[in-house]
Amino acid sequence: MAMADQVIRCKAAVAWEPRSPLTVEEVDVAPPKAHEVRVQVVSSGVCHTDVEYLYEAETGMSFRPFPLVLGHESAGIVESVGPGVTKFSPGDHVIPLFLPYCGECERCRSVKTNLCRKNWANTQAGVLADGTSRISFKGKQIYQFLGVSSFCQYTVVPETSLVKIRRDAPLDKVCLLGCGVSTGYGAAVKTGKVEEGSTCAVFGLGAVGLTAVMGCKAAKAKRIIGVDINPDKFEKARLFGATDCINPTDHREPLHEVLAEMTCGGVDYALECVGSPTVMSEALESTTEDGGTCVIAGWTEKEKMDVHVLKILMGRTLKGTYFGGWKSVVEVPQLVDEYMNQKLKLDEFITHNLPLDQINAAFDLLRNGKSIRTVIGLQDP
């Protein structure tokens with residue numbers, strides 16, 4: 001707690017404007033205010049949402065102000081706590097969360113949703129409860145992406161957007177539970193509720209898609225069809241449990257027709273993990289009309305999906321999922337336990353480990369389809 005009341009100067013990858021590379025700068029991170037926690041970020045995954053926001057701001061993504069520090073999939077160690085914080089202490093190992101859990105509101109108490117709105121509007125706008133960020137550069141405010149900003153060596157988050165985890169869990173692995181792995185895995189086992197013996201199709205074989213494949217396998221699906229335009233991803237998909245892999249560009253027919261022929265009428269579960277409205281429509285139409293379920297896990301904020309009403313009327317179900325449906329603070333520690341008990345894969349998603357000063361290389365790897373997850377080491381060797 002020696003630095004608890006002091007500003008910490010550290011490194012951060014700053015996005016100064018849309019569609020421009022990040023710049024590693026020396027920034028100032030202010031002490032935590034009431035009900036906030038300052039975290040030393042140890043590791044952060046590079047998620048497709050980070051890349052999309054930087055390079056596709058104001059298209060599929062809602063605009064958030066620049067300059068900002070991206071990153072929202074991380075793990076670290078509590079450095080200090082603000083007034084009123086009772087659940088965290090310096091030295092605790094933690095995972096910051098872009099989805100809060102206050103435990104008190106109607107939504108937190110409901111079994112139907114995980115969408116707590118505590119500080120939601122502010123964190124979506126890049127600030128904390130008082131309307132300001134805790135990160136600055138030469139006196140200029142730097143906004144916090146989704147209230148997290150894990151591409152910074154230190155960050156400050158609301159206590160409701162943080163979860164304490166077991167100390168023996170490797171932070172450079174469990175950081176992936178802060179977004180991608182939880183989202184895809186939960187899309188299958190929690191939101192979709194994939195049943196034993198069923199037939200599934202997973203659209204998009206990035207990190208979210210591969211975890212959806214893993215979830216389908218955990219649910220004992222009989223057949224799991226991975227779909228992607230990049231055949232280089234098929235080997236990894238089979239490792240996670242895919243029984244078949246198809247490339248839509250290899251077929252003249254619409255993809256839903258190809259899948260219907262492969263499965264004698266359509267799949268029981270389709271999980272869309274791309275974030276493309278066109279793919280979403282194909283995923284829905286690929287399901288069987290006698291009770292097929294389509295789960296949308298791919299992220300887009302402003303685009304519209306085309307739905308033929310008849311497809312719904314005939315008995316299909318269309319669902320969305322956010323963070324895989326998990327109650328963040330309550331259930332992420334359970335996912336950590338599953339990993340530590342070798343029931344959940346994490347290591348296999350990590351294709352690259354890079355230091356913070358190579359953050360732009362990590363973005364390029366993801367944009368070019370050369371990585372599944374790159375984990376950024378935030379602390380200097």
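Being a predicted model, the structure only gives us computed values, none of them experimental.

### Things to note about the layout of surface pockets
- Size it by volume and the largest pocket reaches roughly 980 Å³.
- The wall of the largest pocket is formed by 47 residues, among which His 48, Gly 204, Cys 273, Val 274 and Gly 275 lie closest to the centre.
- Of all the elements in the fold, those that place two or more residues in the lining of the largest pocket are helix H1 (48-56), helix H6 (207-218), helix H9 (277-285) and helix H12 (359-367).
- Across the lining of the largest pocket, the residue classes tally to 23 nonpolar, 16 polar and eight charged.
- When residues of the lining of the largest pocket are assigned to domains, at least three fall in each of domain 1 (8-178 + 345-377) and domain 2 (184-322).
- One number sums up the size of the second largest pocket: a volume of about 450 Å³.
- Among the elements that make up the lining of the second largest pocket, the one with the highest residue count is strand E10 (residues 162-164) (three residues).
- Looking at the lining of the second largest pocket residue by residue, the class counts come to nine nonpolar, six polar and six charged.

### Considerations on the packing of aromatic side chains
- Using the criterion set out here, one finds ten aromatic pairs in the structure.
- Seen in terms of ring centroids, Phe 98 and Phe 323 are 5.5 Å apart; in terms of plane orientation they differ by 85°. Their pairing is edge-to-face. A residue pair is termed long-range when its members are at least 10 positions apart, and Phe 98 in the loop between strand E6 (93-96) and helix H2 (106-109) and Phe 323 in the loop between strand E16 (317-320) and helix H11 (328-340) qualify at 225 residues.
- The class of Phe 98 is buried, set by a relative accessible area of 6%.
- Where Tyr 185 meets Trp 326, the ring centres are 6.4 Å apart and the plane angle is 20°; that geometry is what we call stacked. Of this pair, Tyr 185 sits in helix H5 (residues 180-191) while Trp 326 sits in the loop between E16 and H11, and the two are 141 residues apart along the sequence. No difference in accessibility class separates Tyr 185 from Trp 326, as the two residues are buried.

### Thoughts on the pattern of salt bridges
- Counted according to the given criterion, the structure contains 13 salt bridges.
- The closest approach of N and O atoms between Lys 164 and Asp 92, which form a salt bridge, is 3.9 Å. Within this pair, whereas Lys 164 is found in strand E10, its partner Asp 92 is found in the loop between strand E5 (73-81) and E6, the two being separated by 72 residues in sequence.
- Accessibility expressed as a relative area gives 10% for Asp 92, which makes it buried.
- Put simply, Asp 168 and Arg 166 hold a salt bridge, and the shortest N to O gap is 2.7 Å.

### Quick look at the domain arrangement of the protein chain
- Parsing the protein chain into structural domains produces domain 1 (8-178 + 345-377) and domain 2 (184-322).
- When each unit is reduced to the centre of its C-alpha atoms, the spacing between domain 1 and domain 2 is 29 Å.
- Each partner contributes residues to the interface: domain 1 has 20 residues there, and domain 2 has 15 residues.
- Together, the buried faces of domain 1 and domain 2 total about 1,500 Å²; carbon and sulfur atoms form 60% of this surface.
- Seen at the junction of domain 1 and domain 2, the total is zero salt bridges.
- Broken down by secondary-structure element, the contributors of at least two residues to the side of domain 1 that touches domain 2 are H1 and helix H3 (120-124).

### Overview of the nonpolar core
- One finds Leu 70, Ile 95, Val 174, Leu 271 and Phe 363 to be the most contacted residues of the largest nonpolar core, which totals 95 residues.
- For this core, the element with the highest residue contribution is H6, accounting for seven residues.
- The residues that make up this core include at least three from each of domain 1 (8-178 + 345-377) and domain 2 (184-322).
- If we ignore the near neighbours within four places in the chain, the residues touching Leu 271 are Ala 187, Ala 188, Ala 201, Val 202, Phe 203, Ala 212, Cys 216 and Val 295.
- Within the second largest apolar cluster, 15 residues are counted, among which are Ile 225, Leu 255, Val 258 and Leu 284.

What counts and how
- Residues numbered from 1 in each chain as written.
- Predicted model: local features only at pLDDT ≥ 70, side-chain atom pairs only at ≥ 80, totals over all residues.
- Heavy atoms only, no water.
- 1 Å grid on protein atoms, 1.4 Å probe; cavity = no way out; pocket = protein on both sides within 12 Å on 5 of 7 lines; lining within 4 Å.
- Points joined across faces, edges and corners; volume = space filled by probe spheres on them.
- Helix = DSSP H or I, 4+ residues; strand = E, 2+ residues; numbered from the N terminus.
- Nonpolar A, V, L, I, M, F, W, Y, C, P; charged D, E, K, R; others polar.
- Domains from an automatic or database assignment.
- Phe/Tyr/Trp six-rings, centres within 6.5 Å; stacked < 30°, edge-to-face > 60°.
- Buried < 20%, exposed > 50% of the residue type's maximum accessible area, 1.4 Å probe, protein only.
- Salt bridge = Lys/Arg side-chain N within 4 Å of Asp/Glu carboxyl O.
- Contact = heavy atoms within 4.5 Å.
- Buried area = accessible area lost by both parts, 1.4 Å probe.
- Core = buried A, V, L, I, M, F, W, Y, C linked by side-chain atoms within 4.5 Å.

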